[in-house]
Amino acid sequence: MPQVTDTDCSLIIPAYNEEERIAELLPTLLLFDGEVIIVADGDDRTREIVLEFIRAHPNRDICCLSFTERLGKGGGISRGMKAATRDYIGFFDADGSTSVSEMKKIFNGLERYDGVIGSRWIAGATIPIRQGLTRRIQSRVFNLIIRLLFGLSYADTQCGAKAFRREVVEQVLDSVSATGFEFDVELLWRAETAGFVICEEPIIWSDRGGSRVRMSDTVAMLTGLLCIRFLR
(Lines give C-alpha, C1' and ligand atoms only; values in the text may rest on other atoms or scores of the structure.)
Protein backbone atom coordinates (compact mmCIF):
# COMPACT_ATOMS: atom_id res chain seq x y z
CA MET A 1 0.00 0.00 0.00
CA PRO A 2 1.27 3.54 -0.73
CA GLN A 3 2.32 5.68 2.21
CA VAL A 4 -0.35 8.12 3.40
CA THR A 5 0.84 11.72 3.63
CA ASP A 6 -1.00 14.81 4.85
CA THR A 7 -1.48 16.07 1.32
CA ASP A 8 -3.48 12.93 0.51
CA CYS A 9 -5.94 13.65 3.34
CA SER A 10 -9.04 15.75 3.98
CA LEU A 11 -9.73 16.60 7.63
CA ILE A 12 -13.28 17.63 8.52
CA ILE A 13 -14.16 19.51 11.69
CA PRO A 14 -17.84 19.95 12.62
CA ALA A 15 -18.05 23.22 14.56
CA TYR A 16 -21.48 24.04 15.95
CA ASN A 17 -21.30 27.18 18.14
CA GLU A 18 -17.62 26.68 18.97
CA GLU A 19 -16.60 30.34 19.28
CA GLU A 20 -15.19 29.77 22.77
CA ARG A 21 -12.92 26.88 21.72
CA ILE A 22 -12.21 27.07 17.99
CA ALA A 23 -9.57 29.82 18.30
CA GLU A 24 -7.39 27.51 20.39
CA LEU A 25 -7.67 24.70 17.86
CA LEU A 26 -7.02 26.68 14.69
CA PRO A 27 -3.23 27.28 15.11
CA THR A 28 -2.68 23.54 15.58
CA LEU A 29 -4.11 22.95 12.11
CA LEU A 30 -0.94 24.50 10.69
CA LEU A 31 0.75 21.21 11.65
CA PHE A 32 -1.40 19.49 9.03
CA ASP A 33 -0.51 19.96 5.35
CA GLY A 34 -3.67 18.46 3.85
CA GLU A 35 -7.13 19.81 3.15
CA VAL A 36 -9.08 21.12 6.15
CA ILE A 37 -12.85 21.63 5.95
CA ILE A 38 -14.52 23.33 8.90
CA VAL A 39 -18.31 23.08 8.93
CA ALA A 40 -19.93 25.95 10.85
CA ASP A 41 -23.68 25.64 11.28
CA GLY A 42 -24.39 27.61 14.44
CA ASP A 43 -25.45 31.16 15.20
CA ASP A 44 -22.42 32.46 17.10
CA ARG A 45 -19.08 33.87 15.83
CA THR A 46 -17.47 30.55 14.90
CA ARG A 47 -17.65 31.29 11.17
CA GLU A 48 -16.14 34.76 11.57
CA ILE A 49 -13.27 33.46 13.72
CA VAL A 50 -12.48 30.73 11.19
CA LEU A 51 -12.62 33.12 8.23
CA GLU A 52 -10.25 35.54 10.00
CA PHE A 53 -7.80 32.68 10.47
CA ILE A 54 -8.12 31.63 6.83
CA ARG A 55 -7.43 35.18 5.66
CA ALA A 56 -4.32 35.27 7.86
CA HIS A 57 -3.04 32.03 6.28
CA PRO A 58 -3.94 32.30 2.58
CA ASN A 59 -1.46 29.64 1.51
CA ARG A 60 -3.10 26.91 3.56
CA ASP A 61 -5.79 24.64 2.18
CA ILE A 62 -8.42 25.51 4.78
CA CYS A 63 -12.03 26.34 3.99
CA CYS A 64 -15.19 27.02 5.96
CA LEU A 65 -18.58 25.67 4.94
CA SER A 66 -21.24 27.84 6.55
CA PHE A 67 -24.90 26.97 7.10
CA THR A 68 -27.65 28.92 8.80
CA GLU A 69 -29.66 25.81 9.70
CA ARG A 70 -28.57 23.28 12.34
CA LEU A 71 -27.17 20.25 10.53
CA GLY A 72 -26.42 18.04 13.52
CA LYS A 73 -22.99 16.53 14.12
CA GLY A 74 -23.53 13.83 11.51
CA GLY A 75 -25.09 16.22 9.05
CA GLY A 76 -22.08 18.52 9.31
CA ILE A 77 -19.60 15.68 8.83
CA SER A 78 -21.59 14.38 5.87
CA ARG A 79 -21.52 17.80 4.17
CA GLY A 80 -17.79 17.98 4.78
CA MET A 81 -17.20 14.48 3.40
CA LYS A 82 -19.09 15.34 0.22
CA ALA A 83 -16.92 18.43 -0.23
CA ALA A 84 -13.63 16.60 0.44
CA THR A 85 -11.28 16.21 -2.53
CA ARG A 86 -8.54 13.91 -1.20
CA ASP A 87 -8.09 10.12 -1.19
CA TYR A 88 -8.43 9.79 2.59
CA ILE A 89 -11.18 11.49 4.57
CA GLY A 90 -11.27 11.89 8.34
CA PHE A 91 -12.93 13.96 11.01
CA PHE A 92 -12.40 15.04 14.59
CA ASP A 93 -14.05 17.29 17.16
CA ALA A 94 -13.54 21.05 17.35
CA ASP A 95 -13.04 20.98 21.12
CA GLY A 96 -9.43 19.81 20.84
CA SER A 97 -9.95 16.61 22.81
CA THR A 98 -7.93 14.88 20.10
CA SER A 99 -4.78 16.47 18.68
CA VAL A 100 -3.75 16.88 15.07
CA SER A 101 -0.80 14.57 15.70
CA GLU A 102 -3.20 11.82 16.79
CA MET A 103 -5.23 12.33 13.62
CA LYS A 104 -2.07 11.93 11.59
CA LYS A 105 -1.55 8.53 13.22
CA ILE A 106 -5.13 7.57 12.40
CA PHE A 107 -4.67 8.62 8.78
CA ASN A 108 -1.44 6.60 8.59
CA GLY A 109 -3.38 3.49 9.57
CA LEU A 110 -5.23 3.73 6.25
CA GLU A 111 -2.15 2.26 4.61
CA ARG A 112 -3.40 -1.10 5.97
CA TYR A 113 -7.13 -0.68 6.64
CA ASP A 114 -10.20 0.77 4.95
CA GLY A 115 -11.04 2.75 8.06
CA VAL A 116 -9.38 3.59 11.37
CA ILE A 117 -11.20 4.84 14.46
CA GLY A 118 -9.68 6.23 17.62
CA SER A 119 -10.60 4.48 20.86
CA ARG A 120 -10.47 5.58 24.48
CA TRP A 121 -11.42 2.13 25.75
CA ILE A 122 -8.75 -0.27 24.50
CA ALA A 123 -5.25 -1.10 25.75
CA GLY A 124 -2.74 1.61 24.93
CA ALA A 125 -5.18 4.53 25.12
CA THR A 126 -4.05 7.50 27.20
CA ILE A 127 -6.64 9.74 28.88
CA PRO A 128 -4.88 12.62 30.71
CA ILE A 129 -8.23 14.21 31.63
CA ARG A 130 -11.14 11.81 32.05
CA GLN A 131 -14.83 12.43 31.69
CA GLY A 132 -16.95 12.44 34.84
CA LEU A 133 -18.14 9.12 36.22
CA THR A 134 -21.71 9.60 34.99
CA ARG A 135 -20.56 10.21 31.40
CA ARG A 136 -18.29 7.17 31.53
CA ILE A 137 -21.12 4.95 32.74
CA GLN A 138 -23.42 6.33 30.03
CA SER A 139 -20.74 5.60 27.44
CA ARG A 140 -20.38 1.96 28.52
CA VAL A 141 -24.14 1.40 28.59
CA PHE A 142 -24.47 2.99 25.14
CA ASN A 143 -21.67 0.78 23.81
CA LEU A 144 -23.42 -2.34 25.11
CA ILE A 145 -26.64 -1.31 23.37
CA ILE A 146 -24.71 -0.77 20.11
CA ARG A 147 -23.21 -4.24 20.35
CA LEU A 148 -26.62 -5.79 20.88
CA LEU A 149 -28.37 -3.82 18.13
CA PHE A 150 -25.73 -3.84 15.42
CA GLY A 151 -23.26 -6.57 16.32
CA LEU A 152 -20.38 -4.09 16.21
CA SER A 153 -17.41 -5.22 18.27
CA TYR A 154 -15.75 -1.81 18.66
CA ALA A 155 -15.07 -0.68 22.21
CA ASP A 156 -15.62 3.00 21.38
CA THR A 157 -17.87 4.03 18.50
CA GLN A 158 -18.30 7.60 19.76
CA CYS A 159 -14.73 8.88 19.97
CA GLY A 160 -14.69 11.85 17.62
CA ALA A 161 -11.62 10.80 15.63
CA LYS A 162 -12.11 8.62 12.55
CA ALA A 163 -10.74 8.31 9.03
CA PHE A 164 -11.64 6.30 5.93
CA ARG A 165 -10.43 5.66 2.44
CA ARG A 166 -12.40 7.58 -0.16
CA GLU A 167 -13.95 4.42 -1.60
CA VAL A 168 -15.61 3.73 1.77
CA VAL A 169 -17.18 7.18 1.85
CA GLU A 170 -18.27 7.00 -1.79
CA GLN A 171 -19.88 3.59 -1.34
CA VAL A 172 -21.72 4.01 1.96
CA LEU A 173 -22.28 7.70 2.76
CA ASP A 174 -25.45 8.07 0.68
CA SER A 175 -27.01 5.18 2.62
CA VAL A 176 -26.34 6.85 5.99
CA SER A 177 -29.50 8.62 7.14
CA ALA A 178 -28.38 9.71 10.63
CA THR A 179 -27.56 13.38 11.12
CA GLY A 180 -27.07 13.47 14.88
CA PHE A 181 -24.56 11.91 17.26
CA GLU A 182 -25.63 8.44 16.10
CA PHE A 183 -24.00 9.16 12.72
CA ASP A 184 -20.75 7.44 13.74
CA VAL A 185 -22.52 4.19 14.58
CA GLU A 186 -24.47 4.03 11.34
CA LEU A 187 -21.40 4.91 9.27
CA LEU A 188 -19.40 2.10 10.88
CA TRP A 189 -22.27 -0.35 10.51
CA ARG A 190 -22.82 0.47 6.85
CA ALA A 191 -19.08 0.22 6.14
CA GLU A 192 -18.70 -3.10 7.94
CA THR A 193 -21.81 -4.51 6.26
CA ALA A 194 -20.34 -3.51 2.89
CA GLY A 195 -17.27 -5.61 3.67
CA PHE A 196 -14.77 -2.90 4.54
CA VAL A 197 -12.18 -3.59 7.24
CA ILE A 198 -12.17 -1.07 10.09
CA CYS A 199 -9.43 -1.01 12.72
CA GLU A 200 -9.75 0.43 16.21
CA GLU A 201 -6.60 2.17 17.46
CA PRO A 202 -5.76 3.50 20.95
CA ILE A 203 -5.70 7.27 21.16
CA ILE A 204 -4.54 10.09 23.40
CA TRP A 205 -7.71 11.93 24.37
CA SER A 206 -8.59 14.53 27.01
CA ASP A 207 -12.00 15.67 28.17
CA ARG A 208 -12.43 19.37 27.43
CA GLY A 209 -15.75 19.89 29.19
CA GLY A 210 -18.64 21.78 27.68
CA SER A 211 -20.01 18.65 26.03
CA ARG A 212 -22.76 19.18 23.44
CA VAL A 213 -24.29 15.80 24.33
CA ARG A 214 -27.30 16.21 26.64
CA MET A 215 -29.70 13.61 28.00
CA SER A 216 -32.17 14.59 25.28
CA ASP A 217 -29.44 13.90 22.70
CA THR A 218 -28.84 10.45 24.19
CA VAL A 219 -32.54 9.62 23.94
CA ALA A 220 -32.60 10.93 20.35
CA MET A 221 -29.53 8.83 19.53
CA LEU A 222 -31.11 5.65 20.83
CA THR A 223 -34.41 6.38 19.08
CA GLY A 224 -32.59 7.11 15.85
CA LEU A 225 -30.54 3.93 16.08
CA LEU A 226 -33.63 1.81 16.65
CA CYS A 227 -35.19 3.33 13.54
CA ILE A 228 -32.00 2.72 11.53
CA ARG A 229 -31.77 -0.88 12.64
CA PHE A 230 -35.40 -1.92 12.25
CA LEU A 231 -37.20 0.57 10.00
CA ARG A 232 -34.71 1.51 7.28
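We now turn to the structure provided with this report.

Rules used throughout
- Residues numbered from 1 in each chain as written.
- Predicted model: local features only at pLDDT ≥ 70, side-chain atom pairs only at ≥ 80, totals over all residues.
- Heavy atoms only, no water.
- Pairing = 2+ DSSP bridges.
- Helix = DSSP H or I, 4+ residues; strand = E, 2+ residues; numbered from the N terminus.
- Axes fitted to C-alpha atoms, helices over the stretch in contact; angles between N-to-C directions.
- Contact = heavy atoms within 4.5 Å.
- Phe/Tyr/Trp six-rings, centres within 6.5 Å; stacked < 30°, edge-to-face > 60°.
- Buried < 20%, exposed > 50% of the residue type's maximum accessible area, 1.4 Å probe, protein only.
- Core = buried A, V, L, I, M, F, W, Y, C linked by side-chain atoms within 4.5 Å.
- Right-handed = clockwise from strand over helix to strand, strands pointing away.
- Salt bridge = Lys/Arg side-chain N within 4 Å of Asp/Glu carboxyl O.

**Side note on the sheet that holds strand E5 (residues 115-119)**
Each strand in a sheet pairs with another by means of backbone hydrogen bonds, the pair being arranged parallel or else antiparallel.
Link 1 in the chain: Reading across from one edge, E3-E2-E1-E4-E6-E5-E7 is the order of the 7 strands in this open sheet, with mixed pairing throughout. With one partner strand each, in any of the chains shown, strand E3 (62-66) and strand E7 (198-202) form the two edges of the open sheet. With strand direction ignored, the average angle separating the axes of adjacent strands in the sheet is 20°.
Link 2 in the chain: Pairing of strand E2 (residues 35-40) with E3 involves 5 bridges; the strand directions are parallel. Directly across from Val 39, in E3, lies its bridge partner Leu 65.
Link 3 in the chain: Those strands touched by helix H2 (residues 46-56) are strand E1 (9-15), E2 and E3, and its axis lies near 160° from that of E3.

**Digging into the packing of aromatic side chains**
Link 1 in the chain: Taken as a whole, this structure holds 3 aromatic pairs when the rule is applied.
Link 2 in the chain: When the ring of Phe 91 is compared with that of Phe 183, the centres are 6.4 Å apart and the planes differ by 65°; the resulting orientation is edge-to-face. One end of the pair, Phe 91, is in strand E4 (residues 88-92); the other, Phe 183, is in helix H7 (residues 183-193), and 92 residues separate them in sequence.
Link 3 in the chain: Classification of Phe 91 by relative accessible area gives buried; the value is 0%.

**Some points on the nonpolar core**
Link 1 in the chain: Counting 36 residues, the largest nonpolar core has Met 81, Phe 150 and Phe 164 as the members making the most contacts within it.
Link 2 in the chain: Broken down by secondary-structure element, the contributors of at least two residues to this core are E2, helix H3 (73-83), E4, helix H5 (133-150), helix H6 (166-172), H7 and helix H8 (215-231).
Link 3 in the chain: For this core, the element with the highest residue contribution is H7, accounting for 6 residues.
Link 4 in the chain: When near neighbours in sequence (up to four residues on either side) are disregarded, Phe 164 contacts Met 81, Asp 87, Tyr 88, Ile 89, Phe 91, Leu 110, Asp 114, Gly 115, Val 169, Leu 187, Leu 188 and Ile 198.
Link 5 in the chain: One finds Cys 9, Ile 38, Cys 159 and Ala 161 within the second-largest nonpolar core, a separate group that totals 34 residues.

**Regarding H7**
Link 1 in the chain: Within H7, 9 of the 11 residues are buried, which leaves it mostly tucked inside the rest of the structure.
Link 2 in the chain: Burial in H7 covers these residues: Phe 183, Asp 184, Val 185, Glu 186, Leu 187, Leu 188, Trp 189, Arg 190 and Ala 191.
Link 3 in the chain: Directly beyond the C-terminal end of H7, a positive phi value near 100° is found at Gly 195.

**A few points about the pairing of E2**
Link 1 in the chain: A large share of E2 lies buried, amounting to 6 of its 6 residues.
Link 2 in the chain: Judged by which residues are buried, E2 turns out to be covered on both faces: Glu 35, Ile 37 and Val 39 on one side and Val 36, Ile 38 and Ala 40 on the other are all buried.
Link 3 in the chain: Sheet topology note: the E1/E2 ladder contains 6 bridges and is parallel. Counterpart to Pro 14 in the pairing with E2 is Val 39.
Link 4 in the chain: Tracing the backbone out of E2, into H2 and back to the parallel element E3 gives a crossover that is right-handed.

**Examining the pattern of salt bridges**
Link 1 in the chain: Using the criterion set out here, one finds 13 salt bridges in the structure.
Link 2 in the chain: Between Asp 33 and Arg 60 there is a salt bridge, and its shortest N-O distance comes to 3.2 Å. Of this pair, Asp 33 sits in the loop between helix H1 (22-25) and E2 while Arg 60 sits in the loop between H2 and E3, and the two are 27 residues apart along the sequence.
Link 3 in the chain: Residue Asp 33 is classed as partly exposed on the basis of its relative accessible area of 47%.
Link 4 in the chain: Put simply, Asp 184 and Lys 73 hold a salt bridge, and the shortest N to O gap is 3.2 Å. Here Lys 73 lies in helix H3 and Asp 184 lies in helix H7, a separation of 111 residues in the sequence.
Link 5 in the chain: A residue is classified by how much of its surface remains accessible, and Asp 184, at 0% relative accessible area, is buried.

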